[in-house]
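Geometric and topological summary
These are the residues of each chain, in order.
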Amino acid sequence: MLSYSVWNRQTGQKQTIAPVCYEDCMNPGKVRAIPVRKTRSRDALTLQSGDSSVTIPFSDLKSGKIEIAEQEFIPVLPRQAPRSCNPCTNCGRCSW
């Protein structure tokens, strides 16, 4: 699974588009990742993930105004909460 860094050389602005990861609250330890969607049209490349989206014209890529770097994405498991949660919030972590 890949994440993408989009760097605009003119403004120096860098934006990272990464997969969205979440843990199933009823099955603790089960993590699901939704990958970045890459869509090509005639004149632009679009990267979408969750709420974030970036559309990059091919002319900007060819001219060097914008650079895209791919990195491997490794999901990180969140820290587990203690099992003695009082008051209970019915999260399902303790199988209650």
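Parameters and conventions
Residues numbered from 1 in each chain as written. Predicted model: local features only at pLDDT ≥ 70, side-chain atom pairs only at ≥ 80, totals over all residues. Heavy atoms only, no water. Helix = DSSP H or I, 4+ residues; strand = E, 2+ residues; numbered from the N terminus. Buried < 20%, exposed > 50% of the residue type's maximum accessible area, 1.4 Å probe, protein only. Contact = heavy atoms within 4.5 Å. Areas by Shrake-Rupley, 256 points an atom, 1.4 Å probe, with all protein chains shown as cover. Salt bridge = Lys/Arg side-chain N within 4 Å of Asp/Glu carboxyl O. Core = buried A, V, L, I, M, F, W, Y, C linked by side-chain atoms within 4.5 Å. Pairing = 2+ DSSP bridges. Axes fitted to C-alpha atoms, helices over the stretch in contact; angles between N-to-C directions.

Regarding the overall build of the protein chain
If you tally the helices and strands in the protein chain, you get one helix and eight strands. For the protein chain, the succession of helices and strands along the chain, N to C, is β-β-β-β-β-β-β-α-β. Evaluated residue by residue, the protein chain yields a buried proportion of 18% over its 96 residues. In the protein chain, once contacts between residues fewer than 6 apart in sequence are set aside, the share between residues at least 24 apart is 48%. Approximately 7,400 Å² of the protein chain is accessible, and the part contributed by carbon and sulfur atoms is 51%.

Side note on the pattern of salt bridges
Under the defined criterion, the tally for this structure stands at three salt bridges. Its salt-bridge partner being Glu-67, residue Arg-9 comes within 2.3 Å of it at the nearest N-O pair. In this pair, Arg-9 is assigned in the loop between strand E1 (2-8) and strand E2 (14-17) and Glu-67 in strand E8 (residues 66-72), connecting sequence segments 58 residues apart. Residue Arg-9 is classed as partly exposed on the basis of its relative accessible area, which comes to 48%. Measuring nitrogen to oxygen at the nearest pair gives 3.9 Å for the salt bridge that ties Asp-60 to Lys-65. Looking at Asp-60, the relative accessible area reads 17%, which means it is buried. The class of Lys-65 is partly exposed, set by a relative accessible area of 35%.

Observations regarding the nonpolar core
Looking at soluble globular proteins, one finds that nonpolar side chains tend to be buried together. Tyr-4, Val-6, Ile-17, Val-36, Leu-47, Val-54, Ile-56 and Ile-66 form the largest nonpolar core, which has eight residues in total. Elements with a minimum of two residues in this core: E1 and strand E7 (52-57).

What to know about the environment of Asp-60
Inspection of the secondary structure puts Asp-60 in helix H1 (residues 58-63). Counting along the chain gives 16 residues from Asp-60 to Ala-44, while the straight-line C-alpha distance between them is 9.2 Å. Setting aside residues no more than four positions away along its own chain, Asp-60 makes contact with Lys-65 and Ile-66.

Structural notes on the environment of Gly-12
Considering the arrangement of structural elements, one finds Gly-12 in the loop between E1 and E2. Taking the relative accessible area as the measure of exposure, Gly-12 reaches 46% and is therefore partly exposed. Along the sequence, Gly-12 and Ile-66 sit 54 residues apart, while their C-alpha atoms lie 9.7 Å from each other.

Here we look at the sheet that holds strand E6 (residues 44-49)
The strand order across the open sheet formed by three strands is E5-E6-E7, and the pairing between neighbours is antiparallel. The open sheet is flanked by strand E5 (37-40) and E7, the only strands paired with a single partner. The average undirected angle you get between the axes of adjacent strands in this sheet is 15 degrees.

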